[in-house]
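Listed below, chain by chain, are the residues.
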Amino acid sequence: MYDVLIKNALTARRQPIEIALNGNKIAAVATQLVGATAQQVIDLHGATYVSAGWIDDHVHCDEQLTLYYDDPDEDGYKTGVTTVVDAGSTGADNIRDFYQRTRAKITNVYALINIGRTGILAQDELGDLSKIDRDALLAAHHELPDFILGIKARESHSVVVDNGIKPLLAARSYAALMGGLPVMVHVGAKPPELQDILQAMGPGDILTHAYNGKPNGMVAPDGTIHQFVYDAYDRGVIFDVGHGTDSFNFRTMSIARDHGLDPQSLSTDIYHRNREDGPVVNMATTMAKMLAVGYTLPEVIRMVTLAPAQNMHLLTKGRLRPGADADLTIFTVTAGEQPLTDANGNTRTGHAIITPRTTIVGGKVYDLEATHD
Ligand SMILES: [Zn+2]
């Protein structure tokens, strides 16, 4: 007798799958679990998908901040996302409070610690290098080793002002001291130049906002891709979408896809404003945009499950296998026209609408039908 049994579901590849859960772990996975019984049976009747719980590795969800903030559950389980990674909203000064606040949430919440000790209290958190404090950073990580998954360095002109890639270089050296954690780098307006940023990044570091439509982006004015972008990709720099208010462009994404520069992970950079007013809205809408660009459902699901789990070294998440965490997303994909808008106001029509129906976090089942129908 299992705790929860999901029967007659489909994988993203449209293969039959059944999953049994015990406590907060996946207990069994097979095309059919013959004779299995459970306290709670969810029968999907062969038309509904299940995947490992969706992971959004770039959100802003410290409710106590005033610039970029949100309720983690609004970005999380209510939209099919079982795990969110806050990307640098807080630094060594305030990450402990953020950790405490998020323990009561249903959604799994992790953090990338901002290389600047204040986090994002104002847009220019790295304009003053005295905010980069190695000892404070290491102390925070020492206290919260399971919560802090990496370091965030925002490398755009409004953030670093005249400091170029110095914050990134500091983040790289401190990440090594913290056991080889990834550094997530935000890019935008120059200086610093994208070329200088990418050349300072190593394998396993994550370039977020990779597919923005800004002049300091991966695509040259003539529509070709800069050689240094290929070089970084081939060296193992991880390309992450990080949609955000102004960092996802359909044309950039399409050109990149044509040239084999696929994103490893799909994240939203969501916070209350771009959730409520667009253009982000939620993870399902962001996934629909990737389908509209031409990615397949299995590719998109991988970008929000196994790939971000691997990038963030979350070894028990993102996988549908016995022993993995019982975090699952049950969703439908229906034919229908859906207008989709990128961060620059360009629109495409989606033809597949993704709707999360049930979120399972740590073995607990949350039915979303009421919020979606
Ligand atoms: Zn962000």
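Residues numbered from 1 in each chain as written. Predicted model: local features only at pLDDT ≥ 70, side-chain atom pairs only at ≥ 80, totals over all residues. Heavy atoms only, no water.

Binding of the zinc ion to the protein goes through His 58 (NE2), His 60 (NE2) and Asp 269 (OD), at separations of 2.0 to 2.3 Å. We classify His 60 as buried; its relative accessible area is 4%. (Donors = N, O, S within 2.8 Å, 3.2 Å for Na, K, Ca; no water. Buried < 20%, exposed > 50% of the residue type's maximum accessible area, 1.4 Å probe, protein only.)

Here the focus is the layout of surface pockets. For the largest pocket, the calculated volume is near 470 Å³. Lining the largest pocket are 22 residues; nearest its centre among them are Pro 298, Ile 301, Arg 302, Thr 305 and Leu 306. Listing elements by their share of the lining of the largest pocket, those giving two or more residues are strand 5 (49-52), helix 11 (297-303) and helix 12 (306-311). Examining the composition of the lining of the largest pocket, we find that five residues originate from one element, helix 11, more than from any other. Taken together, the residues that form the lining of the largest pocket break down as 12 nonpolar, five polar and five charged. Mapped onto the domain boundaries, the lining of the largest pocket takes at least three residues apiece from domain 1 (2-51 + 322-372) and domain 2 (54-311). Put simply, the second largest pocket is a space of about 310 Å³. Along its surface, the second largest pocket is lined by 22 residues, and Tyr 68, Arg 154, His 186, Asp 246 and Asp 269 are the ones closest to its centre. (1 Å grid on protein atoms, 1.4 Å probe; cavity = no way out; pocket = protein on both sides within 12 Å on 5 of 7 lines; lining within 4 Å. Points joined across faces, edges and corners; volume = space filled by probe spheres on them. Helix = DSSP H or I, 4+ residues; strand = E, 2+ residues; numbered from the N terminus. Nonpolar A, V, L, I, M, F, W, Y, C, P; charged D, E, K, R; others polar. Domains from an automatic or database assignment.)

What follows covers the UniProt feature "site: Transition state stabilizer" (unreviewed entry) in the protein. Annotation from UniProt places "site: Transition state stabilizer" (unreviewed entry) at Arg 154. With respect to the element layout, Arg 154 can be found in strand 9 (residues 148-155). Excluding residues that lie within four positions of it along the chain, Arg 154 makes contacts with Tyr 68, Ile 120, Ala 122, Gln 123, Glu 125, Leu 126, Val 159, Val 160 and His 186. Side chain to side chain, Arg 154 and Gln 123 meet in a polar contact 2.7 Å long. (UniProt positions renumbered as here; feature names shortened; annotations may be inferred. Contact = heavy atoms within 4.5 Å. Polar contact = N/O pair within 3.5 Å; in protein donor to acceptor, adjacent residues only side chain to side chain.)

Below, the discussion takes up the packing of helix 8 (residues 250-258) against helix 10 (residues 283-293). Interhelical geometry of helix 8 versus helix 10 gives an angle of 55 degrees and a closest axis separation of 10 Å. By the criterion of interaxial angle, the relationship of helix 8 to helix 10 is oblique. Helix 10 is crossed by helix 8, and the crossing has right-handed handedness. Seen from helix 8, the contacting residues are Phe 250, Met 253, Ser 254 and Arg 257; seen from helix 10, they are Lys 289, Met 290 and Val 293. (Axes fitted to C-alpha atoms, helices over the stretch in contact; angles between N-to-C directions. Parallel < 35°, antiparallel > 145°, perpendicular 65-115°, else oblique. Left-handed = near helix turned anticlockwise from the far one by under 90°.)

With that settled, consider the pattern of salt bridges. Here the idea is simple: oppositely charged side chains can pair when their charged atoms come close. Overall, the coordinates contain 20 salt bridges when judged by the stated rule. We note a salt bridge from Asp 71 to Lys 105, for which the minimum N-O separation is 3.3 Å. With a gap of 34 residues between them, Asp 71 in the loop between strand 6 (54-59) and helix 1 (72-75) and Lys 105 in the loop between helix 2 (95-102) and strand 8 (108-114) connect regions that are remote in the sequence. Taken together, the shared-partner salt bridges in this structure form one network comprising Asp 70, Glu 74, Asp 75, Lys 78, Arg 275 and Glu 276. (Salt bridge = Lys/Arg side-chain N within 4 Å of Asp/Glu carboxyl O.)

Under the defined criterion, the tally for this structure stands at nine aromatic pairs. Judged by centre distance (4.9 Å) and plane angle (70 degrees), the ring pair of Tyr 99 and Phe 147 falls under edge-to-face. Within this pair, whereas Tyr 99 is found in helix 2, its partner Phe 147 is found in the loop between helix 3 (134-143) and strand 9, the two being separated by 48 residues in sequence. Owing to a relative accessible area of 23%, Tyr 99 belongs among the partly exposed residues under this scheme. Cluster of aromatic residues (ring-pair linked, three or more members): Tyr 49, Trp 54 and Phe 331. (Phe/Tyr/Trp six-rings, centres within 6.5 Å; stacked < 30°, edge-to-face > 60°.)

When strand 14 (residues 347-361) meets strand 15 (residues 364-367), the two strands line up antiparallel, connected through four bridges. From the neighbouring strand, Thr 358 faces strand 15, where its bridge partner is Asp 367. Counted between consecutive antiparallel strands, the loop separating strand 14 from strand 15 contains two residues, among which Gly 362 sits at a positive phi close to 55 degrees. (Pairing = 2+ DSSP bridges.)

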